[in-house]
Amino acid sequence: SQTIHQWPATLVQPVGSPLSLECTVEGTSNPNLYWYRQAAGRGLQLLFYSVGIGQISSEVPQNLSASRPQDRQFILSSKKLLLSDSGFYLCAWTGGSRPSGNTIYFGEGSWLTVV
Amino acid sequence: GEDVEQSLFLSVREGDSSVINCTYTDSSSTYLYWYKQEPGAGLQLLTYIFSNMDMKQDQRLTVLLNKKDKHLSLRIADTQTGDSAIYFCAEYPSGTYKYIFGTGTRLKVLA
């Protein structure tokens, strides 16, 4: 069966410091991968998605970036964090090589507090 | 735009029915979903409905879809305290890779 892992689960970072959140999916190949952010009272905001290695689509202009160095690995990064980057970050995946509406599955999330 | 709208809060008594509403924006959306999020956790799929259906029932859950009004609802029968959580609706616009989520409705079940 497929599983998704993301880490770290919680981190507290000072303003201006770098960020790296990592997500891996097991039990499937060529997944579509997603990063969402959940801020208080604002629902889920799609940040990035990737349909293949090295292919990244950015939905929201910001100081975050994403990379997909391997088929089942998705990394969310920042060179300099802002206070507004605080939130709950969720990695997710779907199967299928074409847009199909396959169910999207989420990791357990990473809490980021920028101080 | 791509705003999926939900009311933010709903409070019900244990044993009553809960109805959570959602308005989506893209008429091409082929799939519509309901997810549940418990405190500090990721989202879990509850149910989904194809756009060519009006209703889907799954045990205590009933989903109603009104395509004309782009309105989706989730009814939870015999609501229990364990149903307390945030509920998200989501749409999947046809031909894209994007899943657009609503703001979430926080359901509180009172004993």
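Note: the structure precedes this text.
Bear in mind that the values here come from a model prediction, so they are computed numbers and not experimental data.

(A) View of the overall build of chain B. Along chain B, the regular secondary structure elements total zero helices and eleven strands. Expected size for 111 residues packed as a compact globule is a radius of gyration near 13 Å; at 13 Å, chain B falls within 12% of this value. The proportion of buried residues among the 111 residues of chain B is 45%. Here the analysis covers contacts within chain B between residues at least 6 apart in sequence; of these, 55% occur between residues at least 24 apart. Total accessible area on chain B is roughly 5500 Å²; 47% of this is exposed by carbon and sulfur atoms. Each charge class in chain B was averaged separately, 11 positive and 13 negative side chains, and the resulting centres sit 1 Å apart.

(B) Just the sheet that holds strand S3 (residues 18–23) of chain B, in detail. All names here are of chain B. The sheet built from five strands is open, its strands ordered S1-S3-S8-S7-S6 with antiparallel pairing. The open sheet has two free edges, formed respectively by strand S1 (5–6) and strand S6 (55–58), since each of these has just one partner strand. Sheet topology places strand S7 (residues 61–66) next to strand S8 (residues 71–76); six bridges connect them, and they run antiparallel. If you follow Asn-66 over to S8, its bridge partner there is His-71.

(C) Summary view of the interface of chain B and chain A. Opposite the 20 residues of chain B that make contact, chain A presents 25 residues. Surface buried jointly by chain B and chain A totals about 1900 Å² across both partners, of which 59% is contributed by carbon and sulfur atoms. It is Tyr97(B), Tyr99(B) and Phe101(B) in chain B that bury the most area against chain A; as a group they hold 37% of the surface buried on that side. Our enumeration of links across chain B and chain A arrives at one salt bridge. Among the ionic pairs, Lys98(B) bridges to Glu59(A), the shortest N-O distance being 3.1 Å. Along the contact surface separating chain B from chain A lie six residue pairs in polar contact (both at pLDDT 80 or more).

(D) Representation of unusual backbone geometry. A cis amide bond links Trp7(A) with the next residue in sequence, Pro8(A), at an omega value of 0°. When you line up the elements, Pro8(A) lands in the loop between strand S1 (3–7) and strand S2 (10–13). Located in the positive-phi region is Asn30(A), a residue other than glycine, with phi close to 50°. Its location among the elements puts Asn30(A) in the loop between strand S3 (19–26) and strand S4 (32–38). What makes Asn30(A) partly exposed here is its relative accessible area of 36%. Although it is not a glycine, Lys70(B) sits at a positive phi angle of roughly 50°. In this structure, Lys70(B) sits in the loop between S7 and S8. What makes Lys70(B) partly exposed here is its relative accessible area of 25%.

(E) Broad picture of the nonpolar core. Grouped together as the largest cluster of nonpolar side chains are 21 residues, with contacts concentrated most on Tyr34(A), Tyr36(A), Ile104(A), Phe106(A) and Phe101(B). Taken together, the elements giving at least two residues each to this core come down to S4, strand S5 (44–52) and strand S9 (87–94) of chain A together with strand S4 (29–37) and strand S9 (85–93) of chain B. Of all the elements, S9(B) adds the most residues to this core, at four residues. If we skip the residues at most four places from it in the chain, Phe106(A) touches Ile4(A), Tyr36(A), Leu44(A), Leu90(A), Cys91(A), Ala92(A), Tyr35(B), Leu43(B) and Phe101(B).

(F) Geometry of the environment of Gln6(B). Residues and elements named next belong to chain B. Secondary-structure assignment places Gln-6 in strand S1. With relative accessibility at 10%, the residue Gln-6 sits in the buried group. In this structure the side chain of Gln-6 is engaged in a polar contact, spanning 3.1 Å, whose partner is the backbone nitrogen of Cys-89. Looking at Gln-6, its side chain comes within polar contact range of the main-chain nitrogen of Gly-104, at 3.1 Å.

Cut-offs and rules
Residues numbered from 1 in each chain as written. Chains lettered and ligands numbered in written order. Predicted model: local features only at pLDDT ≥ 70, side-chain atom pairs only at ≥ 80, totals over all residues. Heavy atoms only, no water. Helix = DSSP H or I, 4+ residues; strand = E, 2+ residues; numbered from the N terminus. Rg over C-alpha atoms; globule rule 2.2 N^0.38 Å. Buried < 20%, exposed > 50% of the residue type's maximum accessible area, 1.4 Å probe, protein only. Contact = heavy atoms within 4.5 Å. Areas by Shrake-Rupley, 256 points an atom, 1.4 Å probe, with all protein chains shown as cover. Lys, Arg positive; Asp, Glu negative; His and termini not counted. Charge placed at Lys NZ, Arg CZ, Asp CG, Glu CD. Pairing = 2+ DSSP bridges. Buried area = accessible area lost by both parts, 1.4 Å probe. Salt bridge = Lys/Arg side-chain N within 4 Å of Asp/Glu carboxyl O. Polar contact = N/O pair within 3.5 Å; in protein donor to acceptor, adjacent residues only side chain to side chain. Core = buried A, V, L, I, M, F, W, Y, C linked by side-chain atoms within 4.5 Å.

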